[in-house]
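# Structural features, examined
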Amino acid sequence: MAGSTLPARRLGALEVSAQGLGCMGMSEFYGEGDDTESIATIHRALELGVTLLDTADMYGMGANEELVGRAIADRRDQVVLATKFGFVRDREDPSKRGVRGDAAYVREAVENSLRRLGIDHIDLYYQHRVDPDVPIEETVGAMAELVQQGKVRHLGLSEAGAETIRRAHAVHPISAVQTEWSLWSRDIEDAVVPACRELGIGLVPYSPLGRGFLTGKFTSAADFGEDDFRRQTQPRFAEGNLEKNVAMVEALRALAERKGVTAGQLALAWVQAQGDDVVPIPGTKRRKYLEENVGAVALELSEEDIRAIETAVPAAEVAGTRYAEAAMKLLSR
């Protein structure tokens, strides 16, 4: 895989590669990072034809935006850069966080992101979580002003509910909705996906590999470092739930072996097969896994393949919620 060009897909009016790269784990949440390898991974992604890079101001308390900014400084024209605002974290205790979507904060947040990234415009700017205390019309109205000023090109929402998406889109066209979507997180299929398709909005699934679990590389809590948030706060990785979920991945891995691919590639191909308006952003901080993920783009699945995959990992039987209770309250608002 010396170099390749990935097929293009559209997120509203924005054209991007069929798969993007999630950069969050390079700076926080998934154990210790290695900036040199992370930057090499971003550069390799661009070589392979990945154009969409995804970050957020909360990842590493701004450090991830700075890292991505350094990585793309001499190749900005190759990148469709997405970042997010909305989470406010306590610098003394980063585990404490709130959500802000007021107009003043939108204007403040974009300036900080532009500075950290070292760029003059953001290609795709998301509201990371909907603020329940601020009308979505105010938030998106302020984001629309950023488009008029040339600081932002396209707007997105993350983990918004269907009605909120419709209200936001009435203020300014929304290009993309980012939400968790994978074989073991399918709740958006009932209302969010139909709403996006009704409005011509693209879908950007994060954690399309179930936070790495669907790769089959993790079989017990001991596989995660002490500072890995999957071990600390994710119910699906808790004792009791983890063991039940491992059995599903074993079934997926058996299917993958018969096709001569990895379990992770099969899981990613399933997400990509959900429609031409779907652009998953699997996260990794290593070139090895990046190349494996990009390899999934070429996999074509038959209807029979898809049925077999969904039988192996029946979403209704996944043990544990996506997040702990407090974080679940921030979803689909």
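The structure reproduced in this document is the subject of the present report. Quick caveat, the model's predicted, so the values are computed rather than measured.

## Considering the overall build of the chain
Counting its secondary structure elements, the chain contains twelve helices and eleven strands. In the chain, which comprises 333 residues, the proportion classed as buried is 57%. Across the chain, every contact between residues at least 6 apart in sequence was considered, and the portion connecting residues at least 24 apart equals 77%. Approximately 13700 Å² of the chain is accessible, and the part contributed by carbon and sulfur atoms is 48%.

## As for the packing of helix H2 (residues 63-72) against helix H3 (residues 103-117)
Running from N to C, H2 and H3 point in directions that differ by 45 degrees, and their axes come no closer than 7 Å. Put simply, H2 runs oblique to H3. Listed contacts from H3 to Glu65, Glu66, Val68 and Gly69 of H2 are Ser113, Arg116 and Leu117. Its residues assigned to classes, the contact of H2 with H3 shows two nonpolar, two polar and three charged.

## Observations regarding the nonpolar core
Soluble globular proteins: nonpolar side chains tend toward being buried together. Grouped together as the largest cluster of nonpolar side chains are 80 residues, with contacts concentrated most on Leu21, Ile42 and Leu252. Beyond its immediate chain neighbours, meaning those up to four positions away, Leu21 contacts Met26, Thr41, Ile42, Ala45, Val50, Leu52, Leu53, Asp54, Ile281, Pro282, Thr284 and Leu290. Formed by 13 residues, the second largest nonpolar core is a distinct cluster that contains Leu52, Ala82, Leu124 and Tyr126.

## Observations concerning the pattern of salt bridges
This structure, assessed with the given rule, holds 20 salt bridges. For the salt bridge of Glu137 with Arg167, the shortest nitrogen-to-oxygen distance reads 2.8 Å. Linking Glu137 in helix H4 (residues 136-148) with Arg167 in helix H5 (residues 162-171), this pair joins segments that are 30 residues apart in sequence. Look at Glu137 and you get partly exposed, because its relative accessible area is 33%. Residues joined in a network through salt bridges with shared partners are Arg44, Glu47 and Glu291.

## Quick look at unusual backbone geometry
One non-glycine residue, Met61, adopts positive backbone phi at about 55 degrees. Take Met61: it is sitting in the loop between strand E4 (52-54) and H2. Phi angles above zero are rare outside glycine, and Ser207 is one such case at about 50 degrees. In this fold, Ser207 is placed in the loop between strand E11 (202-206) and helix H7 (229-233).

## Here's the deal with the sheet that holds strand E5 (residues 80-85)
Here seven strands make up an open sheet; going across it, the order is E3-E4-E5-E8-E9-E10-E11 and the pairing parallel. Taken across any chain shown, the strands that pair with only one partner, and hence form the sheet edges, are strand E3 (21-22) and E11. Where strand E9 (residues 152-158) and strand E10 (residues 174-180) come together, four bridges link them in parallel fashion. Counted as the bridge partner of Gly156 is Ala176 from E10.

## Here we look at the packing of aromatic side chains
One pass over the structure, following the stated rule, counts two aromatic pairs. Geometrically, the ring pair formed by Phe85 and Tyr125 is tilted, given 5.1 Å between the ring centres and 35 degrees between the ring planes. Taken together, the residues span a long stretch of sequence, with Phe85 in strand E5 and Tyr125 in strand E8 (residues 122-127) at a distance of 40 residues. By relative accessible area, Phe85 is classed as buried at 0%. Their ring planes at 5 degrees and their centres at 5.0 Å tell us that Trp184 and Phe213 sit as a pair that is stacked. Taken together, the positions of Trp184 in the loop between E10 and helix H6 (192-199) and Phe213 in the loop between E11 and H7 put the pair 29 residues apart, joining distant regions of the chain. Note on accessibility: Trp184 and Phe213 belong to one class, buried.

## Examining the environment of Phe85
The spacing of Phe85 and Leu157 is 72 residues in sequence and 9.9 Å in space, taken between C-alpha atoms. Beyond its immediate chain neighbours, meaning those up to four positions away, Phe85 contacts Asp57, Arg100, Tyr105, Val106, Ala109, Tyr125, Tyr126, Gln127, His128, Arg129, Thr139 and Met143.

## Focus: the pairing of E5
Each regular strand shows side chains that alternate between the opposite faces of the sheet. Burial within E5 is extensive, with six of its six residues counted as buried. Here E5 shows a buried face lined by Val80, Ala82 and Lys84 and a second buried face lined by Leu81, Thr83 and Phe85. Two strands pair when backbone bridges link them, and E4 and E5 are joined in this way by three bridges, in the parallel orientation. Residue pairing for E5: Leu53 is matched across the bridge by Leu81. On the question of chirality, the crossover connecting E4 to the parallel E5 by way of H2 is right-handed. Relative to E8, E5 runs parallel, the two being bridged by four bridges. By the bridge assignment, Lys84 is partnered in E8 with Tyr126.

## Things to note about helix H1 (residues 35-47)
Taking 1.5 Å per residue as the helical rise, H1 with its 13 residues ought to reach 18 Å, and the 18 Å between its terminal C-alpha atoms agrees with that figure. The buried fraction of H1 is high, at ten of 13 residues. Residues Glu37, Ser38, Ile39, Ala40, Thr41, Ile42, His43, Arg44, Ala45 and Leu46 constitute the buried set of H1. Looking at the buried side of H1, the elements it contacts are E3, E4, H2 and helix H10 (287-295). Looking at where H1 begins, the residue whose side-chain oxygen comes 3.1 Å from the main-chain nitrogen of Thr36 is Asp34.

What counts as what
- Residues numbered from 1 in each chain as written.
- Predicted model: local features only at pLDDT ≥ 70, side-chain atom pairs only at ≥ 80, totals over all residues.
- Heavy atoms only, no water.
- Helix = DSSP H or I, 4+ residues; strand = E, 2+ residues; numbered from the N terminus.
- Buried < 20%, exposed > 50% of the residue type's maximum accessible area, 1.4 Å probe, protein only.
- Contact = heavy atoms within 4.5 Å.
- Areas by Shrake-Rupley, 256 points an atom, 1.4 Å probe, with all protein chains shown as cover.
- Axes fitted to C-alpha atoms, helices over the stretch in contact; angles between N-to-C directions.
- Parallel < 35°, antiparallel > 145°, perpendicular 65-115°, else oblique.
- Nonpolar A, V, L, I, M, F, W, Y, C, P; charged D, E, K, R; others polar.
- Core = buried A, V, L, I, M, F, W, Y, C linked by side-chain atoms within 4.5 Å.
- Salt bridge = Lys/Arg side-chain N within 4 Å of Asp/Glu carboxyl O.
- Pairing = 2+ DSSP bridges.
- Phe/Tyr/Trp six-rings, centres within 6.5 Å; stacked < 30°, edge-to-face > 60°.
- Right-handed = clockwise from strand over helix to strand, strands pointing away.
- Expected span 1.5 Å × (residues − 1).
- Polar contact = N/O pair within 3.5 Å; in protein donor to acceptor, adjacent residues only side chain to side chain.

From the geometry alone we can't say anything about function, so treat these as descriptive.
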